[in-house]
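Here's the letter readout for the chains.
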Amino acid sequence: MNGPESLNNETSCLCETRDSHHSQEIIDEILEILGHLATDSETITSLRSCSLVSKSWVPTCQRHLFHTVTFASWNIGRWLNTFPVLEEGPAHYVKELSIQIGGRFCVPEVHFQRTLWFGNVRNVTLLGNWYGRRIYPFWRLPQSVTSLAIGTDVFTLVDTRDLLARLPNLDSLSHWCDLADDRAPPAIEAVPRGRFSGRLQLIEGPAYEDLTNMLLEVPTGLRFTEVDIFCNHKCSLSTVRLVEACAKTLVKLSYGISVYGEPHSSFQSDWF
Amino acid sequence: MLSSNVDGVGGSERSFDFSKFPTLQEVDFGVGWLGGDILWIPTALSTLKPATSPRISAIRFDFDSDSSTSRSTEASLLIDAGSGLRWVANEFTRIEREFEGAVNLTVVRNPGPKAVFDTLNVRFRFCRGNGARRTDRFTSCRYFRITLVEMSSADAHPVCLFQPVIFWR
């Protein structure tokens, strides 16, 4: 077999002989290969077709079809209509979840609690601009999350701290937006308790000092192996403190700087 | 203790002391502007020593002046940036020598208009080795990559493979 075309032919053959002597292990292996190649629409369509062949083909196909899911206002209803029962849906196959929690395409807040359905999700990206409402009380993300990217300004510093405090397995953190106004912080503030041993990406802005200070207060310490910093001007004291807090574990340091606040090209492709 | 030997105006600028980073393998600096003080970058590079950074294997310096030259071409700013770049070049030469070619040094440079580039008059002199093309000024290209990718065990000198990656943007 060489490439998706061969695989598509192979799966077509299998479709014709669904009751034949092919063992489930072989079929699963073929579907796994097809799933790993499912980067173009044609292959994804093939995978969808395969999922309709037999019930025994469904789990392997769904594991790849629902590996990455993006929720916004225009598609959340479709998911709920298709999979109204949690146990029968493919939520547990989702490894990467992106949610629009602000802006024009914001997912309705009533659906936020449903993020707990995705009990095996690893990477979560939160997107959307401030649209006049604070998301409170903040919902919880599954504790399985190891990588969190925050590209939204709907959170206050307290919200962010609270969010991190609920993610004990968090390894990597990306934050590239401002923070919402924090006018009424609670008396008792949560303490981030992730592992913080993966990758840290921060972009300097109005929230930068607060975020770095929050991370420096992590009681278990920072063990990031990779740090990406993008600053608008000079190398600040906060940045040096943050990077040096990871000195014993740091493997890769990337530092972008632009006096005009426009991310350097080598960072743009990775960050945005 | 923080490195503070580049304390500039206001005393808020610092640099990294890489002697405190024993596990460091890669360093990547991207400078997306032209003008101002980038002396903290060569200051940080100056702390990279074989004894304290035994695992370092790659250093990348990406200088993209193209996006800002139309807005900032004041001579004083150019001189500041130029002196920083010269120091970066010197540090690369030192790193190449002290690490005996074991570090992959990459410079990606988008010099922008030729006039600006001439003003900077920066030379990176680490392109050498058997059969390699030696060029230290590239005014005709808008984007280049110089990569030391292989070290010859025979003569213990790094063999420089010059890669003129040119993007006409």
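Caption draft 1: Summary view of the overall build of chain B. Each helix and strand counted, chain B has three helices and five strands in total. For chain B, with 169 residues in total, the buried portion stands at 50%. If you take every contact in chain B between residues at least 6 apart in sequence, the share linking residues at least 24 apart comes to 71%. Carbon and sulfur atoms form 52% of the exposed surface of chain B, whose accessible area is close to 7500 Å².

Caption draft 2: Quick look at the overall build of chain A. When its secondary structure is counted, chain A shows nine helices and eight strands. Among the 272 residues that make up chain A, the fraction classed as buried is 47%. Sequence separation of at least 24 residues holds for 74% of the intrachain contacts in chain A that already meet a minimum separation of 6.

Caption draft 3: Structural detail: the packing of aromatic side chains. All names here are of chain A. The tally for this structure, following the rule as stated, stands at 13 aromatic pairs over all chains. Measuring from centroid to centroid gives 5.8 Å for Phe196 and Phe224, while their planes differ by 65°, and the two rings are edge-to-face. With Phe196 in the loop between strand S5 (172-175) and strand S6 (199-203) and Phe224 in the loop between helix H7 (208-216) and strand S7 (226-231), this pair connects stretches of sequence that are 28 residues apart. When its relative accessible area of 0% is taken as the criterion, Phe196 is described as buried.

Caption draft 4: How the structure looks around the confidence of the model for chain A. Taken over all residues, the pLDDT of chain A has a mean of 79, while the share at 70 or more is 79%. Here residues 261-272 of chain A is modelled with pLDDT under 50, and outside its nearest four sequence neighbours on either side it reaches 33 contacts, counting other chains as well.

Caption draft 5: Layout of the layout of surface pockets. Residue and element names in this part refer to chain A. Of the voids in this model, the largest pocket is the one considered here, and its volume is about 660 Å³. If you go around the largest pocket, you meet 20 residues; those closest to its centre are Arg48, Leu65, Phe66, Arg78 and Trp79. If you list the elements that add at least two residues to the lining of the largest pocket, you get helix H3 (41-51), helix H4 (58-65), strand S1 (68-71) and helix H5 (76-82). Of the residues contributing to the lining of the largest pocket, the split by class is eleven nonpolar, seven polar and two charged.

Caption draft 6: Spatial organisation of the pairing of strand S3 (residues 123-128) of chain A. Residue and element names in this part refer to chain A. Burial along S3 is one-sided: the face carrying Val124, Leu126 and Gly128 is buried and the face carrying Asn123, Thr125 and Leu127 is not. Bridge analysis of strand S2 (residues 96-100) against S3 gives five bridges, and the strand direction is parallel. In the sheet register, Glu96 faces S3, and the bridge partner there is Asn123.

Caption draft 7: Structural detail: empty space enclosed by the protein. Residue and element names in this part refer to chain A. This structure, assessed with the given rule, holds one cavity of 30 Å³ or more. Approximately 80 Å³ is the volume found for the largest cavity. Lining the largest cavity are Phe71, Ile76, Trp79, Leu80, Ile99, Val107, His111, Phe112, Arg114, Thr115, Trp117 and Phe118.

Caption draft 8: Broad picture of the environment of Leu202 of chain A. Turning to its location among the elements, Leu202 of chain A is positioned in strand S6. Separated by 132 residues in the primary sequence, Leu202 of chain A and Thr70 of chain A have C-alpha atoms spaced 23 Å apart.

Caption draft 9: Looking closely at the environment of Arg223 of chain A. All names here are of chain A. If you trace the backbone, Arg223 turns up in the loop between H7 and S7. A relative accessible area of 35% means that Arg223 is categorised as partly exposed. Taking the C-alpha atoms as reference points, Arg223 and Trp117, 106 residues apart in sequence, are found 30 Å from one another. Residue contacts for Arg223: discarding those within four places in its chain leaves Arg195, Phe196, Ser197 and Thr249. A polar contact of 3.2 Å, which involves the side chain of Arg223, links it to the backbone oxygen of Arg195.

Caption draft 10: Just the confidence of the model for chain B, in detail. Residue and element names in this part refer to chain B. Taken over all residues, the pLDDT of chain B has a mean of 59, while the share at 70 or more is 40%. Ignoring residues within four places in sequence, the model shows residues 1-12, a span with pLDDT below 50, making 27 contacts including any to other chains. In this model residues 67-74 is a low-confidence stretch, pLDDT under 50, and it forms 13 contacts with partners more than four residues away in sequence or in other chains. Of the two predicted TM-score estimates for the complex, the pTM is 0.73 and the ipTM is 0.71.

Caption draft 11: Quick peek at the environment of Leu242 of chain A. Residue and element names in this part refer to chain A. As for its position among the elements, Leu242 is in helix H8 (residues 237-245). A relative accessible area of 0% means that Leu242 is categorised as buried. In this structure the C-alpha to C-alpha distance between Leu242 and Val227, which are 15 residues apart in sequence, comes to 9.4 Å. Contact partners of Leu242, with chain neighbours within four places excluded, come to Leu200, Leu202, Thr212, Leu215, Leu216, Leu222 and Ile229.

About the thresholds
Residues numbered from 1 in each chain as written. Chains lettered and ligands numbered in written order. Predicted model: local features only at pLDDT ≥ 70, side-chain atom pairs only at ≥ 80, totals over all residues. Heavy atoms only, no water. Helix = DSSP H or I, 4+ residues; strand = E, 2+ residues; numbered from the N terminus. Buried < 20%, exposed > 50% of the residue type's maximum accessible area, 1.4 Å probe, protein only. Contact = heavy atoms within 4.5 Å. Areas by Shrake-Rupley, 256 points an atom, 1.4 Å probe, with all protein chains shown as cover. Phe/Tyr/Trp six-rings, centres within 6.5 Å; stacked < 30°, edge-to-face > 60°. pLDDT = per-residue confidence, 0-100. 1 Å grid on protein atoms, 1.4 Å probe; cavity = no way out; pocket = protein on both sides within 12 Å on 5 of 7 lines; lining within 4 Å. Points joined across faces, edges and corners; volume = space filled by probe spheres on them. Nonpolar A, V, L, I, M, F, W, Y, C, P; charged D, E, K, R; others polar. Pairing = 2+ DSSP bridges. Polar contact = N/O pair within 3.5 Å; in protein donor to acceptor, adjacent residues only side chain to side chain.

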